[in-house]
Amino acid sequence: QLSLALCARLIAREANKDGICPVVLDPSLYKKMRPHQKEGVQFLYKCVTESVVLQRGAILADDMGLGKSLQTIALLETLLKQGPQGVPTVKKALIVAPSSLLDNWRGEILKWVGEASTVKAIILGTSSSTASKQEQEKKQTLLDFKFGRLYNIGIISYENLRKYAGELSGSIDILVADEGHRIKSASGNKTIDALVMASKNSRRVLLSGTPLQNNLSELYAMCDYVRPGMLGTYASFQNVFAGPIEKSRDKNAKEEAKVLGAARLEELKSMLTPFMLR
C-alpha cells in the first residue's frame with residue numbers, strides 16, 4: 001500500500017489547471033465503512049466547506065447504531081490532513097459531548113485512525129490531581145491543545161465548555177456537538193452561548209438521533225446554531241412553521257388546518273435537506 005505522504009504527492013500532481021486537488025477518504029477508513037457512511041462523510045464535507053461562512057454547518061441525524069461517530073472521525077481526519085488547495089482545511093477540531101462519553105470518543109478516534117496517525121485527541125478540562133492542582137492542570141490541557149502541535153482534536157464536556165468557551169474562542173476551526181439536541185435542554189441558553197462563543201466563525205456539526213420529532217423549538221435551536229438565520233427569527237419560525245404544524249397535529253384539527261400543517265412541514269423539510277442528513 002502507498003504511504004499517505006506518497007498518496008498526497010500523487011494527488012497534488014493530478015491537480016487540475018486551477019490548482020484544485022482532489023480530496024479523498026483515507027483508504028484504510030474507506031474500506032471499513034458501509035455505503036451510507038461514505039455518503040454521509042461526503043455530505044458533511046460538502047456542507048462544512050461551503051463558500052459562505054454562515055452556511056458551513058450540518059446536522060447528522062442518523063439513528064443509533066448507524067455509525068455517526070465513525071462518519072465524524074472520517075470527516076475530521078480528512079479535514080485535518082487534506083484540502084482542495086493541497087493543505088489541510090482545518091488545524092484544530094473540538095468535539096463537545098456529555099461527560100460520560102469523553103473517553104468513548106477518545107477511544108473511537110484511536111481505534112479508527114491508529115496510534116501512528118498525526119490525528120491525535122486530548123480530553124480538555126479534566127484532572128486527576130488534588131483539588132489545589134486541579135484548576136491548573138485543567139487549564140494546562142487547554143494550553144496544550146490551543147498552542148501545541150501534538151493534539152489537533154480536543155474533546156470536552158458540555159459543562160466544561162460553558163466554563164472554558166472564552167479561552168477556546170478563536171482557536172477552533174470546526175466544532176462537533178454530540179447529542180446536539182442538548183443545546184436547547186441543557187442549562188437553557190448558556191449551552192448555546194458557549195457553543196457559539198467557542199465556534200465563532202468556525203464550521204459546525206451537530207450529531208443527534210432525534211431532531212425531527214415533536215419538539216420544533218429544539219429543532220429550530222439546532223438549525224439556527226449550525227446555519228444562523230437560515231430559518232429566520234424564532235418568532236417568524238413559530239408563526240410560519242411551528243404554529244401551523246402543531247395545530248394540524250391536534251386530534252380536533254379541521255381539515256384546512258391539517259392541509260396547511262402538512263404543507264408547512266414539507267416546506268420545512270425541503271429547507272433542511274441541504275444541511276441535515278437522516
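What you are looking at is a predicted structure, and each value in this text was computed from that prediction instead of being measured.

Re the nonpolar core
For soluble globular proteins, the rule of thumb is that nonpolar side chains tend to be buried together.
Link 1 in the chain: If you look at the biggest cluster of nonpolar residues, it comprises 76 residues, and the most contacted ones within it are Ile153 and Leu161.
Link 2 in the chain: Counting residues per element, this core draws most heavily on helix H10 (residues 216-226), at eight residues.
Link 3 in the chain: Sequence-distant contacts of isoleucine 153, defined by excluding residues within four places in its chain, comprise Leu76, Leu80, Ala93, Ile95, Ile109, Val119, Lys120, Ala121, Ile122 and Phe145.

What about the packing of aromatic side chains?
Link 1 in the chain: In total, this model carries three aromatic pairs according to the counting rule given.
Link 2 in the chain: Taking 5.8 Å as the distance between ring centres and 40° as the angle between the ring planes, the aromatic pair formed by phenylalanine 237 and phenylalanine 241 counts as tilted. You can see phenylalanine 237 and its partner phenylalanine 241 sitting in helix H11 (residues 234-248), four residues apart, about one turn around the helix. For the pair phenylalanine 237 and phenylalanine 241, a shared accessibility class is recorded, and that class is buried.
Link 3 in the chain: Members of the aromatic cluster, connected to one another through ring pairs, are Tyr220, Tyr234, Phe237 and Phe241.

Overview of H10
Link 1 in the chain: Most of H10 sits inside the fold, with ten of its eleven residues counted as buried.
Link 2 in the chain: Of the positions making up H10, those classed as buried are Leu216, Ser217, Glu218, Leu219, Tyr220, Ala221, Met222, Cys223, Tyr225 and Val226.

Looking at the side chain of serine 208
Link 1 in the chain: With respect to the secondary-structure elements, serine 208 resides in the loop between strand S6 (203-207) and H10.
Link 2 in the chain: The residues contacting serine 208, other than those within four sequence positions of it, are Leu60, Ala61, Asp62, Lys68, Gly180, His181 and Met222.

Things to note about the confidence of the model for the protein chain
Link 1 in the chain: Taken over all residues, the pLDDT of the protein chain has a mean of 89, while the share at 70 or more is 87%.
Link 2 in the chain: Here helix H1 (residues 4-13) stands out as the element of the protein chain with the lowest mean pLDDT, 53, in contrast to strand S5 (residues 174-177), whose mean of 98 is the highest.

Details of the sheet that holds strand S2 (residues 93-97)
Link 1 in the chain: Taking strand neighbours across the sheet as the criterion, the seven strands line up as S3-S4-S2-S5-S6-S1-S7 in an open arrangement whose pairing is parallel. The two strands at the open ends of the sheet, each matched to only one other strand, are strand S3 (121-123) and strand S7 (276-277).
Link 2 in the chain: Contacting strand S1 (57-60), S2, strand S4 (153-157), S5 and S6, helix H4 (residues 68-81) runs over the sheet at an angle of about 175° to S5.

Some words on the packing of H10 against H11
Link 1 in the chain: For the pair H10 and H11, the least separation of the axes is 10 Å and the interaxial angle reads 140°. Accordingly, the angle class assigned to the pair H10 and H11 is oblique. Read as a crossing pair, H10 and H11 show a hand that is right-handed. From H10, Leu216, Ser217 and Tyr220 reach across to H11, where they touch Tyr234, Phe237, Ala242, Ile245 and Glu246.
Link 2 in the chain: Looking at the contact of H10 with H11 residue by residue, the classes come out as six nonpolar, one polar and one charged.

Parameters at a glance
- Residues numbered from 1 in each chain as written.
- Predicted model: local features only at pLDDT ≥ 70, side-chain atom pairs only at ≥ 80, totals over all residues.
- Heavy atoms only, no water.
- Core = buried A, V, L, I, M, F, W, Y, C linked by side-chain atoms within 4.5 Å.
- Buried < 20%, exposed > 50% of the residue type's maximum accessible area, 1.4 Å probe, protein only.
- Helix = DSSP H or I, 4+ residues; strand = E, 2+ residues; numbered from the N terminus.
- Contact = heavy atoms within 4.5 Å.
- Phe/Tyr/Trp six-rings, centres within 6.5 Å; stacked < 30°, edge-to-face > 60°.
- pLDDT = per-residue confidence, 0-100.
- Pairing = 2+ DSSP bridges.
- Axes fitted to C-alpha atoms, helices over the stretch in contact; angles between N-to-C directions.
- Parallel < 35°, antiparallel > 145°, perpendicular 65-115°, else oblique.
- Left-handed = near helix turned anticlockwise from the far one by under 90°.
- Nonpolar A, V, L, I, M, F, W, Y, C, P; charged D, E, K, R; others polar.

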